[in-house]
Amino acid sequence: MSECREAMDGQERPPPLRANGWEFRSPYRVDFQSTSSLWPPARKFARAPLQCAVALAAGLPVTSKSAPVLTVDGPSGSGKGTISRMVADALGWHLLDSGALYRAVGYAAGMEGLDLSDADAVTRCAQHTKIMFRDPKDGGETRVVVNGHDATDELRTETCGAAASAIAVIPSVRAALVDKQLSFRRAPGLVADGRDMGTVIFPDAGFKVFLTASAEERAKRRYKQLKEKGLSVTLAALLREIQARDVRDAGRAVAPLRPAADAVLIDSTGMPIEAVVATVLALVRPR
Ligand code: DC
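Quantities reported herein were computed from a predicted structural model and do not represent experimental measurements.

Conventions adopted
Residues numbered from 1 in each chain as written. Predicted model: local features only at pLDDT ≥ 70, side-chain atom pairs only at ≥ 80, totals over all residues. Heavy atoms only, no water. Helix = DSSP H or I, 4+ residues; strand = E, 2+ residues; numbered from the N terminus. Buried < 20%, exposed > 50% of the residue type's maximum accessible area, 1.4 Å probe, protein only. Contact = heavy atoms within 4.5 Å. Areas by Shrake-Rupley, 256 points an atom, 1.4 Å probe, with all protein chains shown as cover. Axes fitted to C-alpha atoms, helices over the stretch in contact; angles between N-to-C directions. Parallel < 35°, antiparallel > 145°, perpendicular 65-115°, else oblique. Nonpolar A, V, L, I, M, F, W, Y, C, P; charged D, E, K, R; others polar. Polar contact = N/O pair within 3.5 Å; in protein donor to acceptor, adjacent residues only side chain to side chain. Near = heavy atom within 4 Å. Salt bridge = Lys/Arg side-chain N within 4 Å of Asp/Glu carboxyl O.

Participant: I'm lost on the overall build of the protein chain in this one. Help?
Facilitator: Broken down by element type, the protein chain carries twelve helices and twelve strands. Within the protein chain, buried positions represent 43% of all 287 residues. In the protein chain, the proportion of contacts linking residues at least 24 apart, taken out of those at least 6 apart, comes to 73%. By element, 55% of the accessible surface of the protein chain is carried by carbon and sulfur atoms, the whole surface being about 14600 Å².

Participant: Can you help me understand the packing of helix α3 (residues 98-111) against helix α6 (residues 158-167) in this one?
Facilitator: In helix packing, the relevant descriptors are the interaxial angle and the interaxial distance, both defined with respect to the helix axes. Running from N to C, α3 and α6 cross one another at 100°; their axes reach a closest spacing of 8 Å. In this view, α3 runs roughly perpendicular relative to α6, as classed from their interaxial angle. Touching Tyr102, Arg103, Val105, Gly106 and Tyr107 of α3 are Cys160, Gly161, Ala163, Ala164 and Ile167, all from α6. In terms of residue class, the contact of α3 with α6 is built from seven nonpolar, two polar and one charged.

Participant: Got a minute to help me understand the environment of Glu216 in this structure?
Facilitator: Relative to the assigned elements, Glu216 resides in helix α10 (residues 215-228). Residue classification places Glu216 among the partly exposed positions, given a relative accessible area of 41%. Considering only alpha carbons, one finds Glu216 and Ile242, 26 residues apart in sequence, at a separation of 8.9 Å. Setting aside residues up to four positions removed in sequence, Glu216 forms contacts with Leu239 and Gln243.

Participant: Teacher, can you tell me more about the side chain of Ser76 here?
Facilitator: Take Ser76: it is sitting in the loop between β5 (69-73) and α2 (80-91). Side-chain polar atoms of Ser76 contact the side chain of Arg245, separated by 3.1 Å. With sequence-adjacent residues up to four places away left out, Ser76 is seen in contact with Arg195, Arg218, Arg245, Asp246 and Asp249.

Participant: Would you mind going over the site of the ligand with me for this structure?
Facilitator: The full set close to the ligand counts 16 residues, and Arg103, Arg174, Arg195, Asp196 and Arg252 are the nearest of them. Here Arg245 contributes a side-chain N or O atom positioned 3.4 Å from an oxygen atom of the ligand. Here Asp249 contributes a side-chain N or O atom positioned 3.1 Å from an oxygen atom of the ligand. The fraction of the free accessible surface of the ligand (440 Å²) that becomes covered by protein chains is 94%. Where the shell around the ligand is concerned, the elements lending two or more residues are α3, α6 and α11 (235-251). With four residues, the single largest contributor to the shell around the ligand is α3.

Participant: Help me out: how do you make sense of the pattern of salt bridges in this one?
Facilitator: Close approach of charged atoms lets side chains of opposite charge pair. Enumeration over the complete set of coordinates arrives at 15 salt bridges. For Lys80, the salt bridge is made with Asp193, and the minimal N-O distance between the two is 3.4 Å. Of this pair, Lys80 sits in helix α2 while Asp193 sits in strand β10 (residues 190-194), and the two are 113 residues apart along the sequence. Accessibility expressed as a relative area gives 8% for Lys80, which makes it buried. When its relative accessible area of 6% is taken as the criterion, Asp193 is described as buried. Where Arg174 meets Asp196, a salt bridge forms, and the shortest distance between an N and an O atom there is 3.0 Å. Here Arg174 is found in helix α7 (residues 171-176), whereas its partner Asp196 is found in the loop between β10 and α9 (197-201), with 22 residues between them in sequence. In this pair, the class of Arg174 matches that of Asp196, namely buried.

Shape descriptors only; they carry no functional weight alone.
Laid out in structure tokens, this is it:
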């Protein structure tokens, strides 16, 4: 089992790191100690076949409070989604895309014609909205089904992103999504992607990453993605949206976007995706 040990006794406190507006003042020197065969890349369930078989036979979700968790938090467009998926695939772990839950609630609230600032109505919506993630049998992208409708494509739009960011400031909406997020913790492990994974939802996670990149770089990545889809957007408008979303996500009273004190900060500006994935995997895998 890997340990993340506090190793400050008698040692010099490391200087704070600054990246793209976040100051990272970790009191920890994260020291990963590994033993022999720590979670090699394996198929899902390979690690705990008996536990999984029993739970599945009983019709129960295979959740486990002791399953290892890697949290990947960071601002919009930092590449968290892509990196988390690639890392989860490489490890054979489950993946929680918590942003999709907030997007799904924003989407459902829109479908119900709710005023997104009406906290009570949106909270009721978060409580009764049925959100399911489906992995197509032939591989391919995970589908997100909201109240029985495959809303994967709608959820990716800027409109849904803005709605998600707006409803995510409501504490009771966040509370309504906690159990759903915790239920993703299953053997052999979980990669949890979001804003408050390491600070609020899985504070005991063994591995925590805070992934960032400059707002300009994030706007350029988003611009490229949207252009490839044939959408008409301007770089300047995307940059403004990203900066506004950063301010809203980092400034909200509940679960603001900030690095966990024991997270490892990775600034992916100018880094190829493969290099970021390798850096994250090196935290989890034995040396
Ligand atoms: O990661 P994303 O862009 O899909 O997230 C959409 C919005 O949801 C984001 O602006 C803030 C909110 N969110 C959140 O508040 N907490 C999370 N753990 C994930 C997303």
